[in-house]
Amino acid sequence: IKCRNQKGEKYSKAAMINMRSGLNRYLNNPPILRDVNLMQDKEFHAANKVFRGTLRVMKQEGLDVTTSKQPICAEDQKLLDSYFEGALTNNVTLQDKVFYDIMYYFVRRGREGLRELKVSDFELKTTASGREYVILRANEKSKKHQGDECQEKDIMTQRNIMLSQPGNVLCPVMSFKLFLIKRNEGEASFFQKPKEKNVFESACWYEKAPKGKNPKSTWMRDLSLKCGLSLLYTNHCIRATATTNMHKSGLSLQEIAQ
């Protein structure tokens, strides 16, 4: 119950439960590989009893309220778009934009899976009419229509589609393709540390090193500060923005959930 966030405030009930689940995943995944269950094993019975008591106290203090992630408002989105317009000539801005586009168009959660992303996880395809789009290979089997014979009307309703926007300086596919060209091929991680010196004198704009784990988790927060946004948004706010825009476009809640 003494746990506090960076602002010195108590965590919510949901945050405490998520932290326990995250610790359980950490212990059971490589490199630890411990066959334990923090929630059910008898060795943790006493600890869970204390944990449940803590949750009851938090409920009494009103810390069991679930809060939704704030979607990015229209004014702040304009500031982001203005910043992203420089993506084709700046290695930091380019990677920032590719990060945002991947989070938005693929409706990804927070920092989940960002560290494990590889170039091979993506595939560039073309519709029958010649319009390019990017898919996530991991979810390709869930698509009803596959291959180059897809039509825009077919793929626009599918998940994990990033469709090109010809003539738009903010086209997500255009910046994605440039990023693939400028990446350091000697580093397997998709997101890489940007070079700081003489970057535009070479074909490679990034170091042979992955972008740090912590910077990935605070990426949208850092963008908020960099662009002077009205709020310090989190990575998950991009997902909230995508789902909000889906709803505004006329999709039902069931379609959005799917």
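Residues numbered from 1 in each chain as written. Predicted model: local features only at pLDDT ≥ 70, side-chain atom pairs only at ≥ 80, totals over all residues. Heavy atoms only, no water.

Here we come to the sheet that holds strand β1 (residues 122–126). The sheet built from three strands is open, its strands ordered β1-β2-β3 with antiparallel pairing. Whereas interior strands pair on both sides, the edge strands pair on one side only; in this sheet they are β1 and β3 (161–163). If you compare each strand with its neighbour and ignore which way they point, the axes differ by 25° on average. Sheet analysis places strand β2 (residues 132–136) next to β3, joined by three bridges and oriented antiparallel. Of the residues in β3, the one forming a bridge with V134 is M162. (Pairing = 2+ DSSP bridges. Helix = DSSP H or I, 4+ residues; strand = E, 2+ residues; numbered from the N terminus. Axes fitted to C-alpha atoms, helices over the stretch in contact; angles between N-to-C directions.)

What follows covers the packing of aromatic side chains. Within this structure, the stated rule accounts for 14 aromatic pairs. Taking the centre distance of 4.2 Å and the plane angle of 5° together, the rings of F99 and W219 count as stacked. Of this pair, F99 sits in helix α4 (residues 91–105) while W219 sits in helix α8 (residues 219–227), placing them 120 residues apart in sequence. Each member of the pair F99 and W219 is classed as buried. Judged by centre distance (5.4 Å) and plane angle (65°), the rings of F122 and F176 are edge-to-face. Here F122, found in strand β1, pairs with F176, found in helix α6 (residues 172–182); they are 54 residues apart in sequence, far enough to count as distant. (Phe/Tyr/Trp six-rings, centres within 6.5 Å; stacked < 30°, edge-to-face > 60°. Buried < 20%, exposed > 50% of the residue type's maximum accessible area, 1.4 Å probe, protein only.)

Once that is clear, we can look at α8. Residues W219, M220, L223, S224 and C227 constitute the buried set of α8. Viewed end-on, α8 has its buried residues packed into an arc of 140°, placing them on one side of the element. Two residues or fewer after α8 comes G228, characterised by a positive phi angle close to 65°. (Arc of directions from axis to C-beta.)

A side chain of one charge can pair with a side chain of the opposite charge when the charged atoms of the two come close. The tally for this structure, following the rule as stated, stands at three salt bridges. Between D101 and K97 there is a salt bridge, with its nearest N and O atoms 2.6 Å apart. Of the two residues, D101 and K97 both sit in helix α4, four residues apart, roughly one turn of that helix. Taking the relative accessible area as the measure of exposure, D101 reaches 6% and is therefore buried. (Salt bridge = Lys/Arg side-chain N within 4 Å of Asp/Glu carboxyl O.)

The relative placement of two packed helices comes down to the angle between their axes together with the axis-to-axis distance. The geometry of α4 relative to α8 is characterised by a closest axis approach of 11 Å and an angle of 125° between their N-to-C directions. Judged by the angle between their axes, α4 and α8 are oblique. Judged by the twist between their axes, the crossing of α4 over α8 is left-handed. Residues V92, Q95, D96, F99 and Y100 of α4 lie in contact with α8, whose contacting residues are W219, M220, L223 and K226. Considering only residue class, the contact of α4 with α8 consists of six nonpolar, one polar and two charged. (Parallel < 35°, antiparallel > 145°, perpendicular 65-115°, else oblique. Left-handed = near helix turned anticlockwise from the far one by under 90°. Contact = heavy atoms within 4.5 Å. Nonpolar A, V, L, I, M, F, W, Y, C, P; charged D, E, K, R; others polar.)

Our next topic: the packing of helix α3 (residues 74–84) against α4. At a minimum axis distance of 9 Å, the contact between α3 and α4 shows a crossing angle of 135°. Classified by the interaxial angle, the pair formed by α3 and α4 is oblique. Touching Q77, L80, Y83 and F84 of α3 are V92, T93, D96, K97 and Y100, all from α4.

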